Amino acid sequence: MKLLEEKILQEGEVLGEDILKVDGFINHQIDVALMEELGRDMAEHFRGQGVTKVFTIESSGIAPALFTARELGLPLVILKKQNAKNLGTKVWQTEVVSYTKDISYQLTLAKNYISDSDHVLIVDDFLANGEAATGAVRLIRKAHATVAGLGVLIEKAFQPGRKKLESQGIHVYAQASIKGFQGGKVVF
Ligand code: G4P
């Protein structure tokens, strides 16, 4: 998507060999108008495919997922990474290891927000190694629901995320696909 690529070129910052810092419009401060446009585009891509719910993983996926869900007129469910005691014991859980952040956590979903008739669209900000998205797919399948696809704002195509998801039969849509970083500059 040209709009997102231009924003990345104008305001993104390349850190080291493989990290794109987008704190000014996605990860810390949010460009709300941009998110609304991205949500609209995401919704258009997946419209008419029988999606019943939009899922995201806290926290940076929430903004684009919210606008996507609004556009599709569907509920948004936020998968939790923190141990939320008030969720009770009726939960689906799966362990996710983040190589990027060198941490692991129990991705958690209360059982009453998914049923075996759900067809779920997962929306997130980044697709890197794809561990978080794969965890979301595991949770959805544990609940005997189906996955409509994964929509991400930014895919780092030089990392194995897309391959990992596609090998599980998941359709991946990326609004900006980064081939690599050359001399501190983003190459799409
Ligand atoms: P992983 O296997 O390395 O864990 O890859 P994954 O795709 O699951 O991404 C792990 C976390 O690192 C995600 O954030 C993802 O958004 C973030 N990330 C990966 N590459 C980049 C990058 O180049 N730039 C930025 N800004 N983030 C990146 P998270 O842990 O889900 O955190 P949150 O921001 O959503 O709270």
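Quick note: structure is the one above.
Just so it is clear, the model here is predicted, and its values are computed rather than measured. (Residues numbered from 1 in each chain as written. Predicted model: local features only at pLDDT ≥ 70, side-chain atom pairs only at ≥ 80, totals over all residues. Heavy atoms only, no water.)

Trainee: Just give me the short version of the packing of aromatic side chains, but keep the residues and values in it.
Mentor: Counting across every chain of the model gives two aromatic pairs. Pairing Phe158 with Phe181 gives two aromatic rings, centres 5.6 Å apart and planes at 70 degrees, and the pair type is edge-to-face. Of the two residues, Phe158 is situated in the loop between strand E8 (146-156) and helix H6 (161-166) and Phe181 in strand E10 (residues 180-182); the sequence distance between them amounts to 23 residues. Exposure remark for Phe158: the relative accessible area of 33% places this residue in the partly exposed category. The buried category is assigned to Phe181, whose relative accessible area is 15%. Above the face of the Tyr105 ring, Lys81 is positioned so that its terminal group lies 5.4 Å from the ring centre. A cation over a ring is seen here: Lys111 above Trp92, with NZ or CZ 4.2 Å from the ring centre. (Phe/Tyr/Trp six-rings, centres within 6.5 Å; stacked < 30°, edge-to-face > 60°. Helix = DSSP H or I, 4+ residues; strand = E, 2+ residues; numbered from the N terminus. Buried < 20%, exposed > 50% of the residue type's maximum accessible area, 1.4 Å probe, protein only. Lys NZ or Arg CZ within 6 Å of the ring centre and 35° of its normal.)

Trainee: Report on helix H3 (residues 32-46), specifying residues and quantitative values.
Mentor: Residues separated by three or four positions in an α-helix point in the same direction, a consequence of the helix having 3.6 residues per turn. The first and last C-alpha atoms of H3 sit 21 Å apart over 15 residues, in line with the 21 Å expected at 1.5 Å per residue. For H3, every residue scored as buried is listed here: Leu34, Met35, Leu38, Gly39, Met42, Ala43 and Phe46. Against helix H1 (2-11), helix H2 (23-27), helix H4 (62-72), strand E7 (119-127), E8 and strand E9 (172-178) lie the buried residues of H3. With a side-chain oxygen positioned 3.3 Å from the backbone nitrogen of Ala33, the residue opening H3 is Asp31. (Expected span 1.5 Å × (residues − 1). Contact = heavy atoms within 4.5 Å. Polar contact = N/O pair within 3.5 Å; in protein donor to acceptor, adjacent residues only side chain to side chain.)

Trainee: So, the pattern of salt bridges: which residues are in play, and what are the values?
Mentor: Applying the stated criterion across every chain yields a total of 12 salt bridges. Across the salt bridge formed by Lys53 and Asp118, the nearest N and O atoms sit 4.0 Å from each other. With Lys53 in strand E3 (residues 53-57) and Asp118 in the loop between strand E6 (103-110) and E7, this residue pair connects regions lying 65 residues apart in the sequence. Since its relative accessible area comes to 8%, Asp118 is described here as buried. Measuring nitrogen to oxygen at the nearest pair gives 2.7 Å for the salt bridge that ties Glu155 to Arg162. Here the salt bridges do not stand alone but share partners, grouping Glu36, Glu37, Arg40, Glu44, Arg47 and Glu71 into one network. (Salt bridge = Lys/Arg side-chain N within 4 Å of Asp/Glu carboxyl O.)

Trainee: Residue-level account of the sheet that holds E7, with values.
Mentor: Taken in spatial order, the five strands make up an open sheet running E4-E3-E7-E8-E9, and their pairing is parallel. The two strands at the open ends of the sheet, each matched to only one other strand, are strand E4 (76-79) and E9. Put simply, the sheet's adjacent strands are angled 20 degrees from each other on average, direction ignored. Pairing of E7 with E8, which is carried by eight bridges, proceeds in the parallel orientation. Along E8, the bridge assignment pairs His119 with Thr146. Most of the contacts of H1 go to E9, to which it runs at about 35 degrees, and overall it touches E8 and E9. (Pairing = 2+ DSSP bridges. Axes fitted to C-alpha atoms, helices over the stretch in contact; angles between N-to-C directions.)

Trainee: Go over the packing of H1 against H3, please, and point to the residues and values.
Mentor: Orientation of H1 relative to H3, taken along the N-to-C sense of each, is 145 degrees, at an axis distance of 10 Å. In this structure, H1 crosses over H3, and the sense of that crossing is left-handed. On H3, the residues that touch Leu3, Leu4 and Lys7 of H1 are Leu34, Glu37 and Leu38. Of the residues contributing to the contact of H1 with H3, the split by class is four nonpolar, no polar and two charged. (Left-handed = near helix turned anticlockwise from the far one by under 90°. Nonpolar A, V, L, I, M, F, W, Y, C, P; charged D, E, K, R; others polar.)

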